[in-house]
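Letter by letter, the chains look like this.
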Amino acid sequence: MEEKKNIGKLLLGEWNTKTIVAVAVGAALFGVLMCYGGIPVFTNTSLTTAMLVPVIVGGLFGPLPAFVAAGVGNVIADLIGGWGMWFDWSIGNAVMAFCVGLLPVYGANIKEGVFEVKHMVIYAICCILGNVISFGVITPIFTVIFYGGDLEVTFIQAFAATLGNFAVLVVVGIPVLKVLANRYKSRSNLAQEHSDNY
Amino acid sequence: MNNRFLINFTPGSTMMHKLTGGTKVLLFVLFTIAIIATFDVRVIAVLSILPIAAIISMKPNYKPIRFMIGFMVLVVGIIGSLMLLLVSPNAGLTNVGGSTVIWRLGENFFVTKETLWYIFAMFVKRLASFMVVIAFVLATTPSEFASGLAFLHVPYKVCTIVSLAYRTIPDIARRYTDIKNSMQMRGVELSKKASLGKRLKATAALLVPLVVSSFGKVEVIANAMDLRGFGRLKKRTWYSEHELTKADKVLRKLCILFTIGIVAYIVWFRVINPWPVTYWSPFIAREDIVKVGRFETLSILKWFGK
């Protein structure tokens, strides 16, 4: 019973003021990066660096904050990007961020500097599963319900998005998490009151 | 980059601006649901009259709006349609219910009247929902947005997230341009002249300071909010929520009627008596519609079938 309660708590994250501000900043960053932070690979295809935001927010605060940050962030990206509203993709991205942000649930505690090879492997698997579930199942369902979109085009876009996201999440995400974990580790031998004030 | 932002931070003076946040959010939600619920171009056309009138009545700066709509026509309209025509030229069969070839070029590439109508109708639908968004964004400041969400009983912590995120965008965008300019001044090549590997590295060099400085501010903002007692009580009042104007009262009553209308429409036209295929079209009578399952035409499934 104790174990279960803990998982529920980890899934929800701790909603104090710091989490709220971090989620808000993460959402804004997600929006801006989605519009301007793409790395052009070919014409019209880019690796979106916005995917780093759920990694960081998820690593530090848990899956639900990552979910909210990516969902709100994608709506903001649609607002400033000017390609129209794509609520179906926003929901897909939010679900994917939830899966990516599961880090604290399987024991990778970035805030205390715990991020080992075992966690990296689970993280990579979570990224694949999250992408497949969100873009292979959830986005197509909502595309059909909301806009009556064509499934084949959606699947092709989803496939491209999955490959791109996975590349960013693993190639850039793991080093970023490692760096963050090391930063927090070097601080963690200090007493709480000294480390948090400055 | 700055004139691309539609987001409005100062309260305006027209009637739409003076509505309370609650009414604006309510109208936005209702219109979005209505446009998502209908697949009939006639209904969408009627529905989009009010948002367009609202946009005109606010006398906005038309430059970013024109840019956005142009961009949307390019990305969704032209590139999206070409992709659809290339990938599944027979999409009109599943979604509109017919296949009248008007131009054929080989076995796998042809243009049907229904597919063209399907592309047009889907584009109208997306454009209409975008109009609603533009009207809403032009009329609403971040704090009004938050108070409006609170009016719809969204937990106030979520409201704060939305308004804070909304408010932080220009800061982050400015920081991004600053960092990019200073990087380029130091000789970091970010344009297409450099090779892919170099560009990846350069983007990483640009992202690290942006992410670090953005998240570095979190603690400062959070401390400032804590000092002012944020999150101590279960409820919150909103500075920007004011007394209802006359237009508010009228619009809120209309909102009730509108909600009833949407529910009736969904129940009658989507559940009890639905159109046999997704999109209505003017040139196919109801009796002539060919009904094809959505999964029967998927080429991906055909590969698995064999």
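Throughout, residues of each chain are indexed from 1 in the direction in which the sequence is written. Labels follow written order: the first chain is A, the first ligand is 1, and so on. The predicted nature of this model means local features are confined to residues of pLDDT at least 70 and side-chain atom pairs, given and counted, to a pLDDT of 80 or more, with totals for whole chains, interfaces and linings taken over all residues. Just so you know, side-chain values use all the structure's heavy atoms and leave hydrogens and water out.

Q: I keep staring at the overall build of chain B and nothing clicks. Help me out?
A: Numbered from the N terminus, helices here are DSSP runs of H or I no shorter than four residues, and strands are runs of E no shorter than two. Looking only at helices and strands, one finds twelve helices and two strands in chain B. Reading chain B from its N terminus to its C terminus gives the helix and strand order α-α-α-α-α-α-β-β-α-α-α-α-α-α. Considering only residue pairs separated by 6 or more positions, chain B has 74% of its internal contacts joining residues 24 or more positions apart. Roughly 17000 Å² of accessible area belongs to chain B as shown, and the carbon and sulfur atoms make up 67% of that amount. Contacts are assigned to residue pairs with any non-hydrogen atoms lying within 4.5 Å of each other. Here the accessible surface of atoms and residues is derived via Shrake-Rupley with a 1.4 Å probe, and residues count as covered only by protein chains that are part of the display.

Q: Honestly, the overall build of chain A in this entry has me stumped. Any pointers?
A: Of regular secondary structure, chain A possesses eight helices and two strands. Starting at the N terminus and ending at the C terminus, chain A contains elements arranged as α-α-β-β-α-α-α-α-α-α. Exposure categories follow from relative accessible area, calculated using a 1.4 Å probe and restricted to protein chains: below 20% of the type maximum is buried, above 50% is exposed, and the middle band is partly exposed. Taken across its 198 residues, chain A has 56% of its residues classed as buried. In chain A, the proportion of contacts linking residues at least 24 apart, taken out of those at least 6 apart, comes to 73%. Surface exposure of chain A reaches about 8400 Å², of which carbon and sulfur atoms provide 69%.

Q: I tried to follow the nonpolar core on my own but got confused; where do I start?
A: Within soluble globular proteins, side chains that are nonpolar tend to cluster in buried spots. For the purposes of this section, nonpolar cores are sets of buried Ala, Val, Leu, Ile, Met, Phe, Trp, Tyr and Cys residues that join through side-chain atoms within 4.5 Å. Counting 135 residues, the largest nonpolar core has Leu29, Phe115, Tyr123 and Leu169 of chain A together with Leu210 of chain B as the members making the most contacts within it. At 18 residues, helix H7 (residues 113-139) of chain B tops the list of elements feeding residues into this core.

Q: Explanation requested: the interface of chain B and chain A in the structure shown.
A: The parts lose accessible area when they come together, and the size of an interface is often stated as this lost area. Listed per partner, the contact involves 62 residues of chain B and 53 residues of chain A. When the two sides are added together, the surface that chain B and chain A hide from each other amounts to roughly 5400 Å², 76% of it contributed by carbon and sulfur. Ranking the residues of chain B by area buried against chain A places Arg126, Ile161 and Phe215 of chain B at the top, with a combined share of 13%. Salt bridge, as applied in this entry: a Lys or Arg side-chain nitrogen positioned within 4 Å of an Asp or Glu carboxyl oxygen. Counting the contacts that link chain B with chain A gives two salt bridges. Each of two parts loses accessible area, computed with a 1.4 Å probe, when they are put together; buried area is these two losses added.

Q: Explanation requested: the pattern of salt bridges in the structure shown.
A: Once the charged atoms of two side chains with opposite charge are near each other, the side chains can pair. Residues and elements named next belong to chain B. Enumeration over the complete set of coordinates arrives at six salt bridges over all chains. Its salt-bridge partner being Glu144, residue Lys24 comes within 2.7 Å of it at the nearest N-O pair. On the criterion of sequence distance, the pair formed by Lys24 in helix H2 (residues 21-37) and Glu144 in helix H8 (residues 142-151) is long-range, its members being 120 residues apart. Of the charged contacts, one joins Asp40 and Arg42 as a salt bridge, the two residues approaching to 2.8 Å between their closest N and O atoms. For Asp40, a relative accessible area of 11% gives the class buried. Overlapping salt bridges bring together Arg167, Asp171 and Arg174 as one network.

Q: I would appreciate a short explanation of a nonpolar patch on the surface in the present structure.
A: A cluster of nonpolar residues, Val263, Val267, Trp268, Phe269, Val271 and Ile272 of chain B, forms a patch on the protein surface that exposes about 580 Å² of accessible area. With respect to the helices and strands, Phe269 of chain B occurs in helix H11 (residues 246-272). What goes into a patch is any residue over 30% in relative accessible area without a salt bridge, connected to like charges within 9 Å or, for nonpolar side chains (Val, Leu, Ile, Met, Phe, Trp, Tyr), within 5 Å.

Q: How do you make sense of the packing of aromatic side chains when you look at a structure like this?
A: For any two aromatic rings, the description comes down to two numbers: the centre-to-centre distance and the angle of the planes. All names here are of chain B. Working definition: a ring pair exists when centres of Phe, Tyr or Trp rings (six-membered ring for Trp) sit within 6.5 Å. Plane angles under 30 degrees give stacked, over 60 give edge-to-face, the rest tilted. As enumerated under the stated definition, the model contains nine aromatic pairs over all chains in all. Relative to Phe269, the ring of Tyr265 lies with its centre 5.0 Å away and its plane at 35°, an arrangement referred to as tilted. With a gap of four residues between them, Tyr265 and Phe269 both fall in helix H11, about one helical turn apart. For Tyr265, a relative accessible area of 21% translates into the label partly exposed. According to the relative accessible area criterion, Phe269 is partly exposed, its value standing at 41%.

Q: Help me understand the packing of H8 of chain B against helix H9 (residues 156-185) of chain B, please; the structure alone is not making it clear to me.
A: Residue and element names in this part refer to chain B. Lines fitted to the C-alpha atoms define the axes, with helices restricted to the stretch that makes contact. Angles between their N-to-C directions range from 0 to 180 degrees. Contact pair H8 / H9: the axes reach a minimum separation of 8 Å and the direction vectors enclose 165°. Taken together, the axes of H8 and H9 lie roughly antiparallel to each other. Crossing angle aside, the handedness with which H8 passes H9 is right-handed. Facing Pro142, Phe145, Ala146, Leu149 and Ala150 of H8, the residues of H9 in contact are Cys159, Val162, Ser163 and Tyr166. Each angle is binned into one of four classes, with values under 35 degrees roughly parallel, values over 145 roughly antiparallel, values of 65 to 115 roughly perpendicular, and all other values oblique. Helix crossings get a hand from a simple test, with the near helix turned counterclockwise from the far one by less than a right angle marking a left-handed crossing and a clockwise turn marking a right-handed one.

Q: Would you mind showing me how to read the state of the cysteines here?
A: All names here are of chain A. We call a pair of cysteine sulfur atoms a disulfide whenever their separation is within 2.5 Å. Evaluated as defined, the whole model comprises zero disulfides over all chains. Lacking any disulfide linkage, Cys99 is separated from the closest cysteine sulfur, that of Cys126, by 7.0 Å. According to the relative accessible area criterion, Cys99 is buried, its value standing at 14%. No disulfide involves Cys127; its sulfur sits 7.0 Å from the nearest other cysteine sulfur, which is in Cys126.

Q: So what exactly am I meant to see when it comes to unusual backbone geometry here?
A: Most peptide bonds take the trans form, and the phi angle of most residues other than glycine is negative. Residues and elements named next belong to chain B. Located in the positive-phi region is Lys59, a residue other than glycine, with phi close to 50°. A relative accessible area of 68% places Lys59 in the exposed class. Phi is positive for His153, which is not a glycine, with a value near 65°. Along the chain, His153 turns up in the loop between H8 and H9. By relative accessible area, His153 is classed as exposed at 73%.

Q: Looking at this model, I keep getting lost on the packing of helix H5 (residues 87-100) of chain A against helix H6 (residues 117-147) of chain A. Mind explaining?
A: Residue and element names in this part refer to chain A. Look at H5 against H6: their axes get within 8 Å of each other, and the N-to-C directions meet at 160°. Judged by the angle between their axes, H5 and H6 are roughly antiparallel. Judged by the sense of rotation from one axis to the other, the crossing of H5 with H6 is right-handed. Classification used: nonpolar for Ala, Val, Leu, Ile, Met, Phe, Trp, Tyr, Cys and Pro, charged for Asp, Glu, Lys and Arg, polar for all others including Gly. The residue makeup of the contact of H5 with H6, split by class, is 15 nonpolar, seven polar and one charged.

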